[in-house]
Amino acid sequence: MNEPSVFNGPEVTMERDCKHVGGWEHRDIHNIYGELMVMSTYKGHLMRSNGAQRPFILTRSAFAGSQRFGAIWTGDNIAEWSHLQSSIPMILSLSICGMSHSGADVGGFFRNPTPEMALRWYQAGAFQPFFRAHSHHESRRREPWLFEDNIKNLIRDAIRIRYLLIPYWYTLFYENELNGVPPMRPIWMEFPTETNTFDIDDEYLVGSALLAKPVTDSDVSSITVYFPGSGEIWYDISTYHKYEGGRSVTIPVTLDKIPVYQRGGSIIPKKGRIRRSSSLTYNDPYTLEIALDNTGSHANGTLYIDDFNSFEYRQGNYLLLQFKYDKNSITSKIIGGPGKFKTNAWLEKIVVIGVQKPPTSIRISSKSIKTSELLFKYDEDALKVLDAVCIKNIIVMSYKSLYDERIGI
């Protein structure tokens, strides 16, 4: 925990007669002690692997710059609704202060959450950077499978959504390393001219494409969601219902409802296979979720991939892909990396939300593939969702072959 956790003295940390090198009392260096510990742990892991593997380190105590060495969590919270509520502004504050990989103990560290509270905390944590359930050794066991079936299944659904979005999270963390912009961000970061968003701290953005408003109260039947951006549109990620930006809307909620919305004009990469761990999804196919803008004709997004393990991406061993939807044509282009990185993953499915009318055909073409027809279905009842599928035994698209791909609708 890096404080160090010596709580039984008058200083509630190391006592004053415990001197550091140079005669410094601990209170003089207490705040930086945690950073030095996580720094040395990080460097030790690098030495053990000869610099071949990225360490993952979680720290509780930190100082300016600690984000270079590890993730952080908010500390010993309590299984109370007020602590679930306060976790959101706490993580947002950490995010904009540079500690981007941050989260709270799902379910609360001390005491025992009700089944409803445990579920709502999982649903919130699934859309925050560091996602972990954790509890005190004196708390009751609370693994998801110990709850009644209705709660257990809904917790599982929330965890599956988290795994589904890992390609999106990974791309956001790549961007975070480049420019420091946090994956979880307050609304005013994307909409700085909307002064009414400045004090909103119970909803937030994941990247620029997802808006989340977790349910943080017990026994509620509705919540109020503010949709930012006059002229923007937002789509419910589960129902595809469309909401206009620049207004507040009362949303009915049941236990299975996670109020999360995709921004019109965005493209989000996903992986839909259910696996025991994220590492097993490495070669699984991708899905692109395309939410069209208010004109129904444009969207864009990016996808970053590397080997998930080494530092070779710093030598250019990665791929950064740009996807664009422009007037019924979807294109993919490599915009980062030298093009040497290879993967067995392929593009399996494309879902386009907001299509104005059913297409008569969908075709794919590239430099290496002859133009061919794709299977698709058009569901007008589901708010005009287009689902184009590239069957593996018809066409297998590795990321190298996605260069300059074009799908015409």
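Here is what the cut-offs are and how they apply
Every chain begins its residue count from 1, and numbering advances along the sequence as written. The model is predicted, so local features are restricted to residues of pLDDT at least 70 and side-chain atom pairs to those at 80 or more, both for listing and for counting; the totals for chains, interfaces and linings are taken over all residues. Computation of side-chain values: all heavy atoms of the structure, hydrogens and water removed. Only the six-membered ring of Trp is used, alongside the rings of Phe and Tyr, when aromatic pairs are assigned; centres must lie within 6.5 Å, and planes under 30 degrees apart are stacked while those over 60 apart are edge-to-face, with the rest tilted. Secondary structure elements are taken from DSSP: a helix is a run of H or I of four residues or more, a strand is a run of E of two residues or more, and numbering for both begins at the N terminus. Buried means the residue's accessible area, taken with a 1.4 Å probe over protein chains only, is under 20% of the maximum for its type, while exposed means over 50%, and partly exposed covers the values in between. Our definition puts a charge over a ring when NZ of Lys or CZ of Arg is within 6 Å of the ring centre and also within 35 degrees of the ring normal. We define a salt bridge as a side-chain nitrogen of Lys or Arg found within 4 Å of a carboxyl oxygen belonging to Asp or Glu. When checking whether two residues touch, look at their non-hydrogen atoms; a contact exists if any pair is within 4.5 Å. By nonpolar core is meant a set of buried Ala, Val, Leu, Ile, Met, Phe, Trp, Tyr and Cys residues that side-chain atoms within 4.5 Å join together. As defined here, a cavity is a set of points on a 1 Å grid over the protein atoms alone where a 1.4 Å probe fits but cannot get out. A pocket is an open set with protein on both sides within 12 Å along at least five of seven lines, and residues line them when an atom is within 4 Å of a point. Grid points are joined across faces, edges and corners, and a volume is the space filled by probe spheres set on the points. The nonpolar class holds Ala, Val, Leu, Ile, Met, Phe, Trp, Tyr, Cys and Pro. Asp, Glu, Lys and Arg form the charged class, and all remaining residues, Gly among them, are polar. One number per residue, pLDDT, summarises how confident the predictor is, and it ranges from 0 to 100. In this analysis an axis means a line fitted to C-alpha atoms, helices contributing only their contacting stretch, and an angle means the value between N-to-C directions, from 0 to 180 degrees. Any angle between 65 and 115 degrees counts as roughly perpendicular, while under 35 counts as roughly parallel, over 145 as roughly antiparallel, and the rest as oblique. Paired strands, in this sense, are two strands between which DSSP finds at least two bridges.

1. Description of the packing of aromatic side chains
All chains considered together, the criterion is met by 15 aromatic pairs. For the pair F227 and Y261, a centre-to-centre distance of 4.9 Å together with 80° between the ring planes defines the contact as edge-to-face. Taken together, the positions of F227 in strand β11 (residues 222–227) and Y261 in strand β15 (residues 260–263) put the pair 34 residues apart, joining distant regions of the chain. Each member of the pair, F227 as well as Y261, carries the same accessibility label: buried. An aromatic cluster is built from Y170, Y174, Y282, Y304, F308 and Y318, whose rings are joined through pairwise contacts. The ring of W73 is capped by R132, whose NZ or CZ atom sits 4.9 Å from the centre of that ring.

2. So, the pattern of salt bridges
Evaluation of the coordinates by the stated rule reveals 21 salt bridges. The salt bridge partner of D236 is K257, with a shortest N-O separation of 2.2 Å. Remark: K257 occurs in the loop between β14 (247–252) and β15 and D236 occurs in strand β12 (residues 233–236); sequence separation between them is 21 residues. The class for D236 is buried, based on a relative accessible area of 2%. The exposure class of K257 is buried, given its relative accessible area of 12%. Ionic pairing is found between R275 and D284, a salt bridge with its closest N-O pair at 2.7 Å.

3. Focus on the environment of A124
Among the structural elements, A124 can be located in helix α3 (residues 115–125). Judged by its relative accessible area of 1%, A124 falls in the buried class. Separated by 37 residues in the primary sequence, A124 and S87 place their C-alpha atoms 9.5 Å from one another. Beyond its immediate chain neighbours, meaning those up to four positions away, A124 contacts L84, Y204 and P214.

4. Quick look at the nonpolar core
Generally speaking, soluble globular proteins have nonpolar side chains that are buried together. By size, the foremost hydrophobic cluster in this structure holds 21 residues, and its most contacted members are L288, I290, L292, Y325, I350 and V352. Contributing elements (two or more residues each) for this core: β17 (286–291), β18 (298–305), β19 (319–326), β20 (329–336) and β21 (347–353). Here this core takes four residues from β19, the largest share from any one element. L92, Y168, Y204 and A209 belong to the second-largest nonpolar core, a separate cluster that totals 20 residues.

5. Details of the layout of surface pockets
If you add up the space inside the largest pocket, you get close to 1,700 Å³. If you trace the largest pocket, you find 48 residues lining it, with R54, F56, H101, Y170 and F173 closest to the centre. Mapped onto the lining of the largest pocket, the elements with two or more residues apiece are β7 (132–133), α4 (149–164), α5 (166–179) and β18. When residues in the lining of the largest pocket are grouped by element, the largest group, eight residues, is from α5. Partitioned by chemical class, the residues of the lining of the largest pocket number 27 nonpolar, twelve polar and nine charged.

6. Some points on α3
The buried count for α3 comes to ten of eleven residues, which makes it a mostly enclosed element. Here α3 has its buried residues at E116, M117, A118, L119, R120, W121, Y122, Q123, A124 and G125. Looking at the packing, one finds that the buried side of α3 touches α2 (81–96), β6 (105–106), β7, α4 and β9 (204–206).

7. A closer look at the confidence of the model for the protein chain
The predicted model of the protein chain averages 90 in pLDDT, with 92% of residues at 70 or higher. Under a pLDDT of 50 for its full length, residues 390–403 has, in the predicted model, 38 contacts with residues more than four places off or in other chains.

8. What about the packing of α3 against α4?
A pair of packed helices can be characterised by two numbers: the angle between their axes and the separation between those axes. At their nearest, the axes of α3 and α4 sit 9 Å apart, and the two run at 10° to each other. Considering their axes alone, α3 and α4 lie roughly parallel with respect to each other. Listed contacts from α4 to P115, L119, Y122, Q123 and G125 of α3 are I151, L154, I155, A158, I159 and R162. A breakdown of the residues in the contact of α3 with α4 according to their chemical character gives eight nonpolar, two polar and one charged.

9. So, the sheet that holds strand β5 (residues 102–103)
Across the sheet, which stays open at both edges, the three strands sit in the order β3-β4-β5 with parallel pairing between neighbours. Because the sheet does not close on itself, it has two edges, and the strands there are β3 (58–59) and β5. Of the strand pairs in this sheet, strand β4 (residues 71–73) and β5 are connected by two bridges, and their pairing is parallel. Across the sheet, the residue bridging to I72 is S102, located in β5.

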